[in-house]
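# Fold and geometry: a report
Listed below, chain by chain, are the residues.
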Amino acid sequence: MVAVRRIVVGVHGSLGSLQALRWAAEEARARQVPLTAVIAWVPPGGDLAERGHPSPYLRRIWNEAARERLMDAFEAGLGGLPADVRVEPCVARGETGPVLVDIAEQPGDLLVIGTGRRAALGRALRKSVGRYCLAHARCPVLAVPPSALMDEMAHGFRPWALRGRHVSVPDIPDMPES
């Protein structure tokens, strides 16, 4: 068994990736290893569309927007960059799964990814990053599920889920009038 020398985490701002970021930061802190936080981006319309009309200016804009999303994820998930963990932010162009697998290629790497439920339409339109990483990674992969609260937040308020549940509310005594 190879010791973990670096933790690589995929981050894009979803609730699942924020949970993975929190877990990865805590693990990096406990093991005293660097944390490489990766965000991958693809030009709007895909690489093929961008190759037809390349624009270095737009590439810079898209790269900066991805960097901002990465920093926003640290803000949302951890309240900013942790002071007690060496963080190596990484913004890379490409599909998320292949980018993560390429970056987490060293024997001492641990790849951390977030999981979560996807709607049927989302499953049909987008490939599963988790499945790709599990099938192609050359290092251990840890898939972190969202917390129960995050899972509920992702689905929003569903009043039909409350049907059949009985909640006991204690009686509140009347307050004496002053």
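Each remark here, short or long, concerns the structure printed above.
Summarised in this report is the structure supplied together with it. Just so it is clear, the model here is predicted, and its values are computed rather than measured.

A tally of helices and strands in the protein yields seven helices and five strands. What you see in the protein, going N to C, is helices and strands ordered as β-α-β-α-α-β-α-β-α-α-β-α. Taking all 178 residues of the protein together, the buried fraction comes to 34%. Here the analysis covers contacts within the protein between residues at least 6 apart in sequence; of these, 78% occur between residues at least 24 apart. Accessible surface, the protein as shown: approximately 11800 Å² in total, 56% of it carbon and sulfur.

Applying the stated criterion across every chain, the model contains one aromatic pair. Here the aromatic rings of Trp41 and Trp62 are separated by 6.2 Å at their centres, their planes lie at 55 degrees, and the arrangement is tilted. With Trp41 in strand 2 (residues 35-41) and Trp62 in helix 3 (residues 56-78), this pair connects stretches of sequence that are 21 residues apart.

Strand order in this open sheet of five strands is 3-2-1-4-5, and the pairing throughout is parallel. Since the sheet does not close on itself, it has two edges, and those belong to strand 3 (87-93) and strand 5 (141-144), each with one partner. Taken pair by pair, the neighbouring strands of this sheet meet at an average axis angle of 25 degrees, ignoring direction. As paired elements, strand 1 (residues 6-10) and strand 2 share four bridges and run parallel to each other. Along strand 2, the bridge assignment pairs Val9 with Ala37. Together, strand 1, strand 2, strand 3 and strand 4 (109-114) form the strand contacts of helix 4 (residues 96-103), whose direction differs from that of strand 2 by roughly 150 degrees.

Once that is clear, we can look at a nonpolar patch on the surface. Judged by side-chain polarity, Tyr57, Leu58 and Ile61 come together as a nonpolar surface patch covering roughly 290 Å² of accessible area. Tracing the backbone through its elements, the reader meets Ile61 in helix 3.

A full pass over the atoms with the stated rule returns seven salt bridges. The closest approach of N and O atoms between Glu26 and Arg29, which form a salt bridge, is 2.8 Å. Within this pair, Glu26 and its partner Arg29 are both found in helix 1 (residues 15-31), separated by three residues, close to a single helical turn. Between Glu105 and Arg138 there is a salt bridge, with its nearest N and O atoms 3.8 Å apart. Here Glu105, found in the loop between helix 4 and strand 4, pairs with Arg138, found in the loop between helix 6 (129-136) and strand 5; they are 33 residues apart in sequence, far enough to count as distant.

Here is what the cut-offs are and how they apply
Residues numbered from 1 in each chain as written. Predicted model: local features only at pLDDT ≥ 70, side-chain atom pairs only at ≥ 80, totals over all residues. Heavy atoms only, no water. Helix = DSSP H or I, 4+ residues; strand = E, 2+ residues; numbered from the N terminus. Buried < 20%, exposed > 50% of the residue type's maximum accessible area, 1.4 Å probe, protein only. Contact = heavy atoms within 4.5 Å. Areas by Shrake-Rupley, 256 points an atom, 1.4 Å probe, with all protein chains shown as cover. Phe/Tyr/Trp six-rings, centres within 6.5 Å; stacked < 30°, edge-to-face > 60°. Pairing = 2+ DSSP bridges. Axes fitted to C-alpha atoms, helices over the stretch in contact; angles between N-to-C directions. Patch = residues over 30% accessible without salt bridge, like charges linked within 9 Å, V, L, I, M, F, W, Y side chains within 5 Å. Salt bridge = Lys/Arg side-chain N within 4 Å of Asp/Glu carboxyl O.

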